[in-house]
Each structure stands twice: as structure tokens, then as C-alpha cells.
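What follows is each chain in one-letter form.
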Amino acid sequence: MSGLVAGLLILAAGSGLLVVITRDPRRQVYALAGNGLVLGLLFLALEAPDVALSEIAVGTAVTPFLFLVALAAIATDRVGR
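Bear in mind the structure is a predicted one, so any value in this text is a computation, not a measurement.

S.K.: Sorry, what's going on with the overall build of the protein chain here?
M.R.: Check the secondary structure of the protein chain and you find 3 helices and 0 strands. In the protein chain, the succession of helices and strands from N to C terminus is α-α-α. For the protein chain, the C-alpha radius of gyration of 15 Å lies well beyond 12 Å, the compact-globule estimate for 81 residues. Projecting the C-alpha coordinates of the protein chain onto the three principal axes gives extents of approximately 55 × 25 × 10 Å. A total of 81 residues make up the protein chain; the buried ones form 22% of that total. Excluding contacts between residues fewer than 6 apart, the proportion of contacts in the protein chain whose partners are at least 24 apart in sequence is 53%. Only carbon and sulfur atoms are counted for the fraction: they give 72% of the accessible area of the protein chain, which is about 5,600 Å². Looking at charge distribution, the protein chain has the averaged site of its 5 positive side-chain charges lying 20 Å from that of its 5 negative ones.

Okay, here's the thing in C-alpha cells:
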């Protein structure tokens, strides 16, 4: 196992832990996006560019965006009441 892969595995574990231990939902979304980016880089280092591209697109952009939209809708709903 190369040093790059080992480092990315450690970063993936750390970023996953950060997602779990963060208490603020907005910060959790940002940590989730960072975790998706690290996983995408890990897949790229493991020579799986198609999986890496999918992970970067979905895990870094689409899913966090949907979570942020949901959080904004919840905040708007609370203000309206």
C-alpha cells in the first residue's frame, strides 16, 4: 500500500468521524462534503476514476446541496410560524 493511499484512508476516517461528532447540522453538511471529496480522491488514488467522479459529483456537490436546501426550508418554516 502506498503512502498516498494510507494517508487518504486516514483522512477518510478522520473526516467521517468529524461528520459524526459535529453537532451543528450546517457544519455536518460541510463535513459531509469534505468527506465526499476525500473519498473521491481515495478512489482516484485506487485507480477507479469512474467511481471517483461519481463520488465527487454526488458526495461533494449534490447530496450536501440537497441537505442545505432542506435545512433552509426548515428554517423558513420555523420563522413563518
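Once the structure has been displayed, the description carries forward.
S.K.: Is there a simple way to explain the UniProt feature "domain: MrpA C-terminal/MbhD" (unreviewed entry) in the protein chain in this structure?
M.R.: As annotated by UniProt and renumbered to match this structure, "domain: MrpA C-terminal/MbhD" (unreviewed entry) occupies residues 11-73. Note that residues 11-73 is 90% helix and 0% strand, and that its end C-alpha atoms are spaced 32 Å apart.

S.K.: Just checking my understanding: could you explain the UniProt feature "transmembrane region" (unreviewed entry) in the protein chain for this structure?
M.R.: In the UniProt entry, the feature "transmembrane region" (unreviewed entry) is given for residues 6-22, 29-46 and 52-75. Along residues 6-22 the backbone is 94% helical and 0% strand, and the end-to-end C-alpha distance reaches 24 Å. From the first C-alpha to the last, residues 29-46 spans 26 Å; its make-up is 94% helix and 0% strand.

S.K.: I'm lost on a nonpolar patch on the surface in this one. Help?
M.R.: Side chains of V58, V62, F65, L66 and V69 sit close together on the surface and give an oily, nonpolar patch of about 460 Å² of accessible area. Residue class for L66 comes out exposed when judged on its relative accessible area of 54%.

S.K.: So what exactly am I meant to see when it comes to helix α1 (residues 3-21) here?
M.R.: Since the α-helix advances by 3.6 residues per turn, residues separated by three or four positions end up pointing in the same direction. In a regular helix each residue adds 1.5 Å, so 19 residues correspond to 27 Å; α1 covers 27 Å between its end C-alpha atoms and thus fits that length. If you check which residues of α1 are buried, you get V5, L8, A12, S15 and V19. For α1, the buried positions fall inside an angular range of 90 degrees around the axis, keeping them on one side. Exposed residues lying more than 90 degrees from the buried face of α1 are G3, I10, A13, L17, V20 and I21. Structurally, α1 contributes buried residues whose contacts are with α2 (25-45).

S.K.: Would you explain the environment of L41 in this entry?
M.R.: In this structure, L41 sits in helix α2. Separated by 29 residues in the primary sequence, L41 and A12 have C-alpha atoms spaced 9.5 Å apart.

What counts and what doesn't
Residues numbered from 1 in each chain as written. Predicted model: local features only at pLDDT ≥ 70, side-chain atom pairs only at ≥ 80, totals over all residues. Heavy atoms only, no water. Helix = DSSP H or I, 4+ residues; strand = E, 2+ residues; numbered from the N terminus. Rg over C-alpha atoms; globule rule 2.2 N^0.38 Å. Buried < 20%, exposed > 50% of the residue type's maximum accessible area, 1.4 Å probe, protein only. Contact = heavy atoms within 4.5 Å. Areas by Shrake-Rupley, 256 points an atom, 1.4 Å probe, with all protein chains shown as cover. Lys, Arg positive; Asp, Glu negative; His and termini not counted. Charge placed at Lys NZ, Arg CZ, Asp CG, Glu CD. UniProt positions renumbered as here; feature names shortened; annotations may be inferred. Patch = residues over 30% accessible without salt bridge, like charges linked within 9 Å, V, L, I, M, F, W, Y side chains within 5 Å. Salt bridge = Lys/Arg side-chain N within 4 Å of Asp/Glu carboxyl O. Expected span 1.5 Å × (residues − 1). Arc of directions from axis to C-beta.

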